[in-house]
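Residue-level listing of the chains:
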Amino acid sequence: MFIPGEEAFGALNEWAPEPGSVVCWHPSPASLAKVRQAPVSAVPASHQQARHLRNFVDHAGRGVDMSRLCIGSWDMPGQCDIRVLTYVINTHLRRHDTYHSWFEFADGDRILRHTLRNPGDIQCAPIKHGEMTPEAFREHIVSTPTPLEWDCFRFAIIQRADHFTFCFAIDHLYIDAQFLGAIRLELYLMYTSLLAGGAPPALPTPGSYTDYCVRQHEYTSALTLDSPQVRGWVDFFEKNDGTLPDCPVSLGDGSGSCDLMFVRVMDERQTANFESACIAAGARFSGGVFTCAALAQYELTGAETYYGLVACDTRSTRAEFLTIGWFTGFVPITIPVDASSFGDTARAAQQSFDSGKALANVPFSRVLELAPWLRMPDRRVPLLFHLDASSPPLSTIVKSEWGGSNIKIHHDGGVPARFDLRVNRYENETHAMVFFPDNPVARESVSRYIETLKSIYIRVAEGRAALAPLCSAAAL
């Protein structure tokens with residue numbers, strides 16, 4: 001059984017796959033020519049895509065490599081059937097319309113979408129690159145085209161004598177974190193079914209990301225300053241001096257490529273006890289996660305109110321849950337900290353998140369249009385992510401063998417400097433990861449932060465819910 005531990009996550013530049021013969025799938029010249037001729041579409045880029053494109057242009061203008069690629073790999077036994085995998089990759093690209101468009105800037109900041117009329121024009125072909133060193137393969141992955149080019153995706157294998165590694169690198173422009181489930185369903189299951197001589201599996205019809213973009217803009221265009229969701233965001237901004245909350249630890253000058261720190265915060269017994277404590281408090285596991293972030297900040301800084309942004313998948317319909325694309329929004333949470341009562345703090349955290357979920361559908365850009373006296377901060381906003389993979393459908397994916405697994409998720413190490421806390425719950429344990437800029441000040445601060453965070457989880461799991469403040473603010 002695959003349990004994603006520390007070895008499953010890491011920087012791409014630290015990945016040293018066993019050398020082998022590399023095959024990479026590239027769009028054919030005819031396919032690229034068809035894409036370049038794709039007409040302009042009236043469908044706007046989603047707010048997520050537009051922000052990503054503008055951020056990329058901004059960073060490129062300053063000569064900075066922006067973190068943008070979603071990269072993953074896993075091992076499979078035997079010799080790869082190149083013909084079968086070619087069919088599978090092309091089927092995947094054709095059936096999801098997130099891949100059918102490309103974008104360009106016109107008249108300054110205006111973004112134009114070009115969309116293929118016939119998805120069948122997408123044709124990727126395998127190209128044999130031969131033996132490559134790990135360094136050369138990593139360089140090949142990071143050279144995946146930019147989001148201003150249509151083919152900002154790569155699929156590749158590294159073949160050895162008795163097994164091969166499958167790897168994908170896809171610009172965030174096209175996908176979000178839910179892609180891992182889709183790639184499991186489609187690429188792996190379709191490949192193994194065809195390899196066994198069967199017919200292609202009957203996959204559920206996917207939804208349309210293009211339709212989502214239309215619905216999203218219809219919704220945001222109808223918002224006004226008096227809309228409750230907008231007022232909620234304005235209130236949150238104004239409580240943070242007209243901008244978004246700052247990082248709970250010092251990141252130094254913010255320099256350095258992105259790195260991560262990983263810790264198993266609870267084992268199976270502790271995870272179960274922690275959930276029981278959350279339920280007893282009238283909250284859920286997620287509310288406990290938000291509470292621990294608030295208490296960690298309190299213990300380190302003395303802040304009696306926690307302001308945070310929780311990443312949230314905004315899919316809401318069956319069709320959207322079958323759709324590949326970028327749906328992520330953010331829920332602002334405000335948590336008054338009671339260091340003497342985990343229960344009171346957890347209830348407040350859960351209520352804040354639950355009551356604010358509708359705000360995830362309102363992008364920052366629309367808030368600033370309607371309330372121009374507010375501003376985005378110059379720095380990267382700290383984010384909180386929570387994934388519960390202890391129940392279906394994610395638990396099914398986590399438990400599966402994946403034909404040899406050795407699953408790895410790689411981050412490309414780009415900037416901007418960021419502080420992202422990701423807490424993942426699995427059936428048998430709970431993990432926490434912190435992404436941060438790799439400089440000495442940030443590394444020391446994040447080390448202290450993650451030690452404090454783990455100690456809070458353990459105290460709650462052991463029934464010591466009254467948390468005495470450490471308030472070592474001077475250290476951070």
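**Details of the sheet that holds strand E4 (residues 69-77)**
Here is step 1 of the chain: Overall, mixed pairing links the seven strands, which are arranged E1-E14-E4-E9-E8-E2-E7 in an open sheet. Of all the strands in the sheet, just strand E1 (9-11) and strand E7 (124-132) have a single pairing partner and so form its edges. Each neighbouring strand pair of the sheet contributes to a mean axis angle of 25°, computed without reference to strand direction.

**Overview of unusual backbone geometry**
Here is step 1 of the chain: Notably, Asp107 is not glycine yet its phi reads approximately 55°, a positive angle.
Here is step 2 of the chain: Structurally, Asp107 is set in the loop between strand E5 (101-106) and strand E6 (110-115).
Here is step 3 of the chain: Of the residues examined, Asp107 reaches a relative accessible area of 68% and is grouped as exposed.
Here is step 4 of the chain: Look at Asp241: it is not a glycine, yet its phi comes out positive at around 60°.
Here is step 5 of the chain: Along the chain, Asp241 falls in the loop between helix H7 (228-239) and strand E10 (258-266).

**Here's the deal with the packing of helix H8 (residues 268-280) against helix H9 (residues 285-301)**
Here is step 1 of the chain: Across the interface, H8 lies against H9 with an axial gap of 8 Å and an inter-helix angle of 95°. Viewed along their axes, H8 and H9 adopt a mutual orientation that is roughly perpendicular. Counted together, Thr271, Phe274, Glu275 and Cys278 of H8 and Phe285, Gly288, Val289 and Cys292 of H9 form the full contact between these two elements.
Here is step 2 of the chain: In the contact of H8 with H9, the residues fall into five nonpolar, two polar and one charged.

**Quick notes on the environment of Ser455**
Here is step 1 of the chain: For Ser455, the position within the fold is in helix H14 (residues 440-461).
Here is step 2 of the chain: Residue class for Ser455 comes out partly exposed when judged on its relative accessible area of 27%.
Here is step 3 of the chain: At a separation of 2.6 Å, a polar atom in the side chain of Ser455 contacts the main-chain carbonyl oxygen of Thr452.

**Digging into the pairing of E6**
Here is step 1 of the chain: When strand E3 (residues 40-41) meets E6, the two strands line up antiparallel, connected through two bridges. Its bridge partner being in E6, Ser41 is matched across the sheet by Arg113.
Here is step 2 of the chain: Inspection of the sheet shows E5 paired to E6 by six bridges, in the antiparallel sense. Its bridge partner lying in E6, Ala106 is registered against Arg110.
Here is step 3 of the chain: Between E5 and E6, which pair antiparallel one after the other, the connecting turn spans three residues, and Asp107 there sits at a positive phi close to 55°.

**Brief notes about the confidence of the model for the chain**
Here is step 1 of the chain: Across the chain, pLDDT averages 90, with 92% of residues at or above 70.
Here is step 2 of the chain: Across residues 472-476 the pLDDT falls below 50, and counting only partners more than four positions away or on other chains, this stretch makes 11 contacts in the model.

**Remarks on H9**
Here is step 1 of the chain: If you check H9, its first and last C-alpha atoms are 24 Å apart, about what 17 residues at 1.5 Å a residue would give, namely 24 Å.
Here is step 2 of the chain: The element H9 is extensively covered by neighbouring structure, given that 16 of its 17 residues are classed as buried.
Here is step 3 of the chain: Phi turns positive one or two residues past the end of H9, at Gly302, with a value near 85°.

**Concerning the state of the cysteines**
Here is step 1 of the chain: Applying the stated criterion to the full structure yields zero disulfides.
Here is step 2 of the chain: With no disulfide of its own, Cys80 has Cys24 as its nearest cysteine by sulfur position, at a separation of 12 Å.
Here is step 3 of the chain: With a relative accessible area of 11%, Cys80 lands in the buried category.
Here is step 4 of the chain: Left without a disulfide partner, Cys152 is nearest to the cysteine sulfur of Cys70, which lies 10 Å away.

Each value, and the rule that gives it
- Residues numbered from 1 in each chain as written.
- Predicted model: local features only at pLDDT ≥ 70, side-chain atom pairs only at ≥ 80, totals over all residues.
- Heavy atoms only, no water.
- Pairing = 2+ DSSP bridges.
- Helix = DSSP H or I, 4+ residues; strand = E, 2+ residues; numbered from the N terminus.
- Axes fitted to C-alpha atoms, helices over the stretch in contact; angles between N-to-C directions.
- Buried < 20%, exposed > 50% of the residue type's maximum accessible area, 1.4 Å probe, protein only.
- Parallel < 35°, antiparallel > 145°, perpendicular 65-115°, else oblique.
- Contact = heavy atoms within 4.5 Å.
- Nonpolar A, V, L, I, M, F, W, Y, C, P; charged D, E, K, R; others polar.
- Polar contact = N/O pair within 3.5 Å; in protein donor to acceptor, adjacent residues only side chain to side chain.
- pLDDT = per-residue confidence, 0-100.
- Expected span 1.5 Å × (residues − 1).
- Disulfide = S-S within 2.5 Å.

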